[in-house]
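# Descriptive structure summary
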Amino acid sequence: MKIHLLAVGQKMPVWVEQGYTEYAQRLPVEAKLELKEIAPGKRGKNADIKRIIQEEGQRLIASVPKNSHIVILDVKGKHWSTEQLSERLESWMQSGQDVALMVGGPEGLSDECRALGREYWSLSALTFPHPLVRIIVAEQLYRAWTVLKKHPYHRA
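Residues numbered from 1 in each chain as written. Predicted model: local features only at pLDDT ≥ 70, side-chain atom pairs only at ≥ 80, totals over all residues. Heavy atoms only, no water.

## Things to note about the nonpolar core
Looking at soluble globular proteins, one finds that nonpolar side chains tend to be buried together. If you look at the biggest cluster of nonpolar residues, it comprises 25 residues, and the most contacted ones within it are Leu33, Trp92, Leu101, Trp121, Val137 and Leu141. Secondary-structure elements contributing two or more residues to this core are β1 (2-8), α1 (14-24), β3 (69-79), α3 (82-95), β4 (99-103) and α5 (130-148). With seven residues, α5 is the single largest residue contributor to this core. Here Trp92 is in contact with Met1, His69, Val71, Trp80, Leu85, Gln97, Val99, Leu101, Glu119 and Leu141, once residues within four sequence places are set aside. Ranked by size, the runner-up nonpolar core spans 11 residues in total, among them Leu6, Leu60, Ile70 and Met102. (Core = buried A, V, L, I, M, F, W, Y, C linked by side-chain atoms within 4.5 Å. Buried < 20%, exposed > 50% of the residue type's maximum accessible area, 1.4 Å probe, protein only. Helix = DSSP H or I, 4+ residues; strand = E, 2+ residues; numbered from the N terminus. Contact = heavy atoms within 4.5 Å.)

Here's what the structure looks like:
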């Protein structure tokens with residue numbers, strides 16, 4: 001199984017790339033995490049934000065691998081504990097189906113993207129910068145995997 005992190009935004013700072021890579025590389029091949037960066041729409045003074053969100057959504061949808069289980073990252077999604085995420089990860093791995101995690105741009109995801117979601121995951125009630133979300137997702141997936149394997153990384 002592969003976990004595809006589909007995230008709007010490109011050209012991230014080095015610290016973001018390093019943080020994401022640190023945890024993504026720790027995951028084993030049976031839960032491989034791959035990042036797919038989606039080109040953001042150009043935002044300016046008089047930008048048509050609704051159109052930009054729609055276009056970003058179209059690019060996100062086009063990047064979803066066939067037959068993937070789509071999980072929408074959204075502040076209105078479910079808050080999972082580490083143990084609950086570990087259970088979700090185990091379920092995804094057992095399904096044999098790839099997972100696509102969708103992360104929208106600054107204004108969020110299009111309605112079309114949201115409609116495709118089979119699950120909705122909220123990292124927090126707080127709002128995080130989108131570059132930081134990549135690192136948090138990678139670290140939390142690695143932590144969830146260590147719980148499954150009874151690895152000492154997660155000490156709760």
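Once you've had a look at it, read on.
## What to know about the pairing of β1
Burial analysis of β1 places six of its seven residues in the buried class, the great majority of the element. Sheet topology note: the β1/strand β2 (residues 32-38) ladder contains seven bridges and is parallel. Note on β2: the bridge partner recorded for Leu5 is Leu35. Tracing the backbone out of β1, into α1 and back to the parallel element β2 gives a crossover that is right-handed. In the sheet, β1 pairs with β4 via five bridges, with the strands oriented parallel. (Pairing = 2+ DSSP bridges. Right-handed = clockwise from strand over helix to strand, strands pointing away.)

## Considering α5
Its 19 residues give α5 an end-to-end C-alpha distance of 27 Å, which sits within 8% of 27 Å, the value for a rise of 1.5 Å per residue. Within the span of α5, buried status applies to Val133, Arg134, Ile135, Val137, Ala138, Glu139, Leu141, Tyr142, Arg143, Ala144, Trp145 and Thr146. Following α5 by one or two positions, Lys150 has its phi on the positive side, about 55°. (Expected span 1.5 Å × (residues − 1).)

## Considering α3
Across its 14 residues, α3 extends 20 Å between first and last C-alpha, which sits within 8% of the 20 Å expected from 1.5 Å per residue. Three or more residues of α3 are buried, namely Thr82, Leu85, Ser86, Leu89 and Trp92. Viewed along the axis of α3, the buried residues span an arc of 125°, placing them on a single side of the element. Seen from the buried face of α3, the exposed residues on the opposite side, beyond 90 degrees, are Glu87 and Gln94. (Arc of directions from axis to C-beta.)

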